[in-house]
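What follows is the residue order along each chain.
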Amino acid sequence: MNIRGKLIIIGGAVDKGSFTETDLDKSASKNLNFFEEGILKRVINESKHKELSRIEVITTASKIPKEIGPEYVKALSYLNAHNADVLNIERREQASDPEILERLKAADVVMFTGGDQLRLTSILGGTTFHDILLDKYKNEDFIYAGTSAGAAAASNNMIYQGSSSEALLKGEVKITSGLGLIDDVIIDTHFVQRGRIGRLFQAVVGNPKVLGIGLGEDTGLLITHGKKMEAIGSGLVILVDGREIKDTNLTQIEMGQPISISHLVTHVLSKYDTFDLDTFKMTIKSSQYV
């Protein structure tokens, strides 16, 4: 299928997406970074009508939506994108509200905030809102942008819990279904800052067909046609490819025991580097061999 929409997933800034590792920051409005200006500007430039695009900020993942939503709208206004508003959905029944559905249908961009990705999927998953979102992404010039929880929930497989320090102990990483905009990947956020590479290792060794994507803060991927990935932002994107794994002890050990993995391949992308999900080929924009 030729997907017409674009997917922009960002590693976040303030970490509210992993309730196992950090307390909710009650002063979020004072230090929220959302998307850094460079990424946010890229979202606008990639959208159908640029600064005139209709943008809906969706705060479902957050427990403090009244603080987070207006901060996004303010940041967008600084970049001359004034046709933006907050679409707050806190209960499943709201995801079938005709007014909310009409706003989604009219949107050129939806921007999902950080918070708890399990809250996001449990409220929106399987609703009319979810169905329309998937249809727009597949068939329209439309952008799904998500940071932190909004990024983690974008794939079919979703990490929703797991301590970084114990991530390579069998059973420590919890995975469920996400919103399903992209298959055969699994996404983790705040990746470099939180030392979460072990979470992706465990996610990938359990099903090596799935490509692990680790997004640093102020860093993301622009995914076009469902397969062409470009690194954006100031940090690093780590890809974990398990297709060439030669051996593991995963099925031989008890829960809570350390996992061994032989021959796990990783790639590190920085700004403008690309990766093709069809060919698994990475291209370094500023290669020393060009």
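Everything here concerns the structure above.
On a predicted model such as this, the values are computed, not experimentally measured, just so you know.

Trainee: Can you walk me through the nonpolar core in this structure?
Mentor: As a rule of thumb, nonpolar side chains are buried together in soluble globular proteins. F129 and I213 are the most contacted members of the largest nonpolar core, which totals 47 residues. Examining the composition of this core, we find that five residues originate from one element, helix 6 (residues 128-139), more than from any other. In terms of nonpolar packing, the next biggest core, distinct from the first, is built from 21 residues, I10, I64, Y72 and I232 among them.

Trainee: Explain the pattern of salt bridges to me, please; I cannot follow it from the model alone.
Mentor: Oppositely charged side chains are able to pair whenever their charged atoms sit close together. Taken as a whole and assessed by the stated rule, the structure comprises 15 salt bridges. Note that E230 is salt-bridged to R42, the shortest N-O span being 2.9 Å. Of the two residues, E230 sits in strand 11 (residues 228-233) while R42 sits in helix 2 (residues 37-46), which places them 188 residues apart along the sequence. With relative accessibility at 17%, the residue E230 sits in the buried group. Among the salt bridges present, the one from E71 reaches K74, with a minimum N-O distance of 3.8 Å. Placement of both E71 and K74 in helix 3 (residues 65-78) is noted, with a separation of three residues, approximately one turn of the helix. A relative accessible area of 37% places K74 in the partly exposed class. Overlapping salt bridges, with partners in common, bring together K6, R42, E46 and E230 in one network.

Rules used throughout
- Residues numbered from 1 in each chain as written.
- Predicted model: local features only at pLDDT ≥ 70, side-chain atom pairs only at ≥ 80, totals over all residues.
- Heavy atoms only, no water.
- Core = buried A, V, L, I, M, F, W, Y, C linked by side-chain atoms within 4.5 Å.
- Buried < 20%, exposed > 50% of the residue type's maximum accessible area, 1.4 Å probe, protein only.
- Helix = DSSP H or I, 4+ residues; strand = E, 2+ residues; numbered from the N terminus.
- Salt bridge = Lys/Arg side-chain N within 4 Å of Asp/Glu carboxyl O.

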